[in-house]
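The lines below spell out each chain.
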Amino acid sequence: MIIKYSKFFESKDKFPNIKEIKIDDFTVLIGKDANSNDYLTTIVANPEDIWMHAKGVPGSHVVIKVFDKLPEKSVIMQSAEIAAKNSKSKGSSTIVYCKAKFVTKKKDMKPGQVSVDYKNAEEITINI
């Protein structure tokens with residue numbers, strides 16, 4: 001079952017503010033603020049989707065939608081570049097990525113903050 005989220009994306013007047021782009025055959029979603037990051041990570045992302053974020057700095061949550069196949073390394077790299085460019089990091093950025101099921105949000109966390117199970121995550125360094 002494919003769910004269309006396009007009515008929510010890129011709306012300046014409505015929550016959430018999520019941008020959708022295509023890389024090869026994959027849909028990549030980008031949160032544009034803290035509340036949209038929360039919505040993207042906790043509501044829109046399926047457990048098997050790939051989630052990524054710049055490590056240790058504020059920035060966009062990026063989700064690669066996974067339906068019937070895993071993304072190739074080129075899709076992961078391009079999505080990591082998007083995460084790096086949509087973060088507060090300067091120059092080089094470490095991007096953490098994992099399946100969305102390894103990202104959780106606790107009730108006492110601020111908007112946009114999540115907890116990542118790093119034993120199930122990988123990292124890529126991106127120079128921007």
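The structure we're discussing is the one just above.
Heads up: these notes are all about the structure in this document. (Residues numbered from 1 in each chain as written. Predicted model: local features only at pLDDT ≥ 70, side-chain atom pairs only at ≥ 80, totals over all residues. Heavy atoms only, no water.)

### A word on the nonpolar core
Ranked by size, the top nonpolar core spans 20 residues in total, and within it Met-52, Val-62, Ile-64 and Ile-95 carry the most contacts. Contributing elements (two or more residues each) for this core: β2 (26-31), β3 (50-54), β4 (62-64), α2 (73-85), β5 (92-99) and β8 (122-127). The contacts of Ile-64, once residues within four sequence positions are left out, are Phe-26, Thr-27, Val-28, Asp-49, Ile-50, Met-52, Pro-71, Val-75, Ile-76 and Ser-79. If you look at the next biggest cluster of nonpolar residues, it comprises 13 residues, including Leu-29, Trp-51, Cys-98 and Val-116. (Core = buried A, V, L, I, M, F, W, Y, C linked by side-chain atoms within 4.5 Å. Buried < 20%, exposed > 50% of the residue type's maximum accessible area, 1.4 Å probe, protein only. Helix = DSSP H or I, 4+ residues; strand = E, 2+ residues; numbered from the N terminus. Contact = heavy atoms within 4.5 Å.)

### Some words on the sheet that holds β3
With antiparallel pairing, six strands are arranged side by side in an open sheet as β1-β2-β4-β3-β5-β8. Pairing within the sheet leaves two strands with one partner each, and these edge strands are β1 (18-23) and β8. Put simply, the sheet's adjacent strands are angled 25° from each other on average, direction ignored. Where β3 meets β4, three bridges bridge the pair, whose relative direction is antiparallel. Bridge assignment links Met-52 to a residue of β4, and that residue is Val-62. The strands touched by helix α1 (residues 34-44) within the sheet are β1, β2, β3 and β4, with β2 carrying the most contacts at an inclination of about 140°. In the packing of α2 onto the sheet, contacts are made with β1, β2, β3, β4, β5 and β8, and the angle to β8 comes to roughly 65°. (Pairing = 2+ DSSP bridges. Axes fitted to C-alpha atoms, helices over the stretch in contact; angles between N-to-C directions.)

### Regarding the pattern of salt bridges
By the definition in use, this model includes six salt bridges. Among the salt bridges present, the one from Asp-38 reaches Lys-105, with a minimum N-O distance of 3.3 Å. Placement of Asp-38 in helix α1 and of Lys-105 in the loop between β6 (103-104) and β7 (115-116) is noted, with a sequence separation of 67 residues between them. Residue classification places Asp-38 among the buried positions, given a relative accessible area of 13%. A salt bridge links Glu-123 to Lys-55, with the nearest nitrogen and oxygen atoms 2.7 Å apart. You can see Glu-123 sitting in strand β8 and its partner Lys-55 sitting in the loop between β3 and β4, a full 68 residues away along the chain. The exposure class assigned to Glu-123 is partly exposed, which follows from its relative accessible area of 43%. On the accessibility criterion, Lys-55 (41% relative accessible area) is partly exposed. Three or more residues are tied together by salt bridges with common partners; here these are Glu-48, Lys-99 and Lys-101. (Salt bridge = Lys/Arg side-chain N within 4 Å of Asp/Glu carboxyl O.)

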